[in-house]
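# Coordinate inspection notes
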Amino acid sequence: MTELPLGWTTRRPTFDDVPAILELVHASDIAAVGEPDYTADEVREDLTTPNTDMERDCLLALDDSGKIVGWSFPGNSTGRARDMANVYFWPGSGLPALKPLLEQLLVRMTERAAELGHRVYEVRAGAIPGETELIEALTDAGFVFLKQFARMQMSLDGFSPVAPEPPAGITVRPVRHDDEAEMRAFHAVIEDAFVDSDHLAIPFDGWLDQVTKPGVPFDEWFVAEADGRIVGALQSSDGGEDTDEGWVKHLATLRAYRKRGIGEALLRRAFATYAANGRPKAGLGVDLANPTDAASLYFKVGMDALYRANIYRTTVEAAQIEAAQTEAAQTEAV
């Protein structure tokens, strides 16, 4: 296990650390892509996402002056056999924290695999192509390149708050979020649309628990109807108080209704609503390996790739936690 420099320490984060963590992430973002691309709300969400225990899964590295120079945390909100290993370090001065944090997080991944009931556990990690030190650390740890994502964005300056009419036979309207049957239909469209992709399905109840929380901008969620049924869905999330960016979390169209302009109509309605709500920009992330070639639609409506990110993966085997605990108990009894 790689050691931290003399005088450096690690500890678990608390919510009081959010401003310092955000400063760290912004420094990393600026070094990698030229501008900050993270919010305080996202820090809090990553510390509290389902299946993440802040006191067991997340770790901070502090240099000999007590400054937070590294942060690691997992991300597996579905509980399935795939996790995300996230490690940030302060560019330059925080580099010595990178490998120790990554190594400790991978050990924790073996325990998480056992706790979540998976014998073999896939672990993914992301890196901007220019982050050579992070890519080298991931490669040394056994990660291999999988694919790329693109972070898309467009300015809404001067954007009309009135959306164009959708194609004939299609109706686009806000979701009725207090109608359980409609929310089930909304969720079903997302799951059906992404069944052939890398998307991990999540049951309706678990999904609903994640999305029904204070501040969710349901007025920016839309459905597309055709033939008397919901055939398209756009789920937004709040960009946070730091940026107020309108964020398209999911855009989905049932396969039988594709190539009819539904996705574009949903996007244009969302962008018009973002603009009417005073949001300065619209953004989303897209899997460039998506079999529907979703990126071409985003370029068509005027979005640009702010940056691209590589995704890497490896696998770990579940730790023998039960056996280790039993052995420890027997030793203590003796």
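What counts and what doesn't
Residues numbered from 1 in each chain as written. Predicted model: local features only at pLDDT ≥ 70, side-chain atom pairs only at ≥ 80, totals over all residues. Heavy atoms only, no water. Helix = DSSP H or I, 4+ residues; strand = E, 2+ residues; numbered from the N terminus. Rg over C-alpha atoms; globule rule 2.2 N^0.38 Å. Contact = heavy atoms within 4.5 Å. Areas by Shrake-Rupley, 256 points an atom, 1.4 Å probe, with all protein chains shown as cover. Lys, Arg positive; Asp, Glu negative; His and termini not counted. Charge placed at Lys NZ, Arg CZ, Asp CG, Glu CD. Buried < 20%, exposed > 50% of the residue type's maximum accessible area, 1.4 Å probe, protein only. Pairing = 2+ DSSP bridges. Core = buried A, V, L, I, M, F, W, Y, C linked by side-chain atoms within 4.5 Å. Polar contact = N/O pair within 3.5 Å; in protein donor to acceptor, adjacent residues only side chain to side chain. Axes fitted to C-alpha atoms, helices over the stretch in contact; angles between N-to-C directions.

An unreviewed UniProt entry lists the chain under the name GNAT family N-acetyltransferase, with Actinoplanes sichuanensis as the source organism.

## Some words on the overall build of the chain
Secondary structure assignment for the chain yields 10 helices and 13 strands. In terms of C-alpha radius of gyration, the chain reaches 22 Å, essentially the compact-globule figure of 20 Å for 334 residues. Taking the principal axes of its C-alpha atoms as reference, the chain extends roughly 75 × 40 × 35 Å. Considering only contacts within the chain whose residues lie at least 6 apart along the sequence, 72% involve residues at least 24 apart. As displayed, the chain has an accessible area near 16100 Å², and 50% of this comes from carbon and sulfur atoms. Measuring between centres, the 31 positive side-chain charges of the chain sit 7 Å from its 54 negative side-chain charges.

## Describing the pairing of strand β2 (residues 59–62)
A two-sided burial pattern is seen for β2, the buried positions comprising L59 and A61 on one face and L60 and L62 on the other. Across 3 bridges, the pairing between strand β1 (residues 9–11) and β2 is antiparallel. Counted as the bridge partner of T10 is A61 from β2. Where β2 and strand β3 (residues 68–73) come together, 4 bridges link them in antiparallel fashion. Within β3, the residue paired with A61 across the bridge is G70. In textbook terms, the turn of a hairpin is the stretch between consecutive antiparallel strands, and for β2 and β3 this stretch comprises 5 residues, one of which, G66, has a positive phi near 90 degrees.

## Details of the nonpolar core
W221, L234, L267, F271 and Y298 are the most contacted members of the largest nonpolar core, which has 49 residues in total. Element by element, the count of residues in this core is highest for helix α8 (residues 262–276), at 8 residues. Setting aside residues no more than four positions away along its own chain, L267 makes contact with L234, V248, L251, L284, L297, Y298 and V301. In this structure, C58, A113, V123 and L138 belong to the second largest nonpolar core, which totals 46 residues.

## Focus: the environment of R255
Relative to the helices and strands, R255 is located in the loop between β11 (246–253) and α8. C-alpha separation for the pair R255 and R268, spaced 13 residues apart in sequence, amounts to 20 Å. If sequence neighbours within four positions are ignored, R255 has contacts with D192, V195 and D196. In terms of polar contacts, R255 uses its side chain to reach the side chain of D192, at 3.3 Å.

## Structural notes on the sheet that holds strand β8 (residues 171–174)
Strand order in the open sheet made by the 9 strands is β4-β6-β13-β7-β12-β11-β10-β9-β8, with mixed pairing throughout. Both edges of this open sheet fall to β4 (82–84) and β8, since each of them pairs with a single strand only. Strand-to-strand twist in this sheet, taken as the mean axis angle between neighbours without regard to direction, amounts to 25 degrees. In this structure, strand β6 (residues 120–127) lies alongside strand β13 (residues 304–317), joined through 8 bridges in antiparallel fashion. Bridge pairing links A127 to N310 in β13. Sitting on the sheet, helix α4 (residues 98–115) is in contact with β4, β6 and β13, with an inclination near 140 degrees to β6. Against the sheet, helix α6 (residues 180–193) engages β8, β9 (222–226), β10 (229–238) and β11, with an angle of about 90 degrees to β10.

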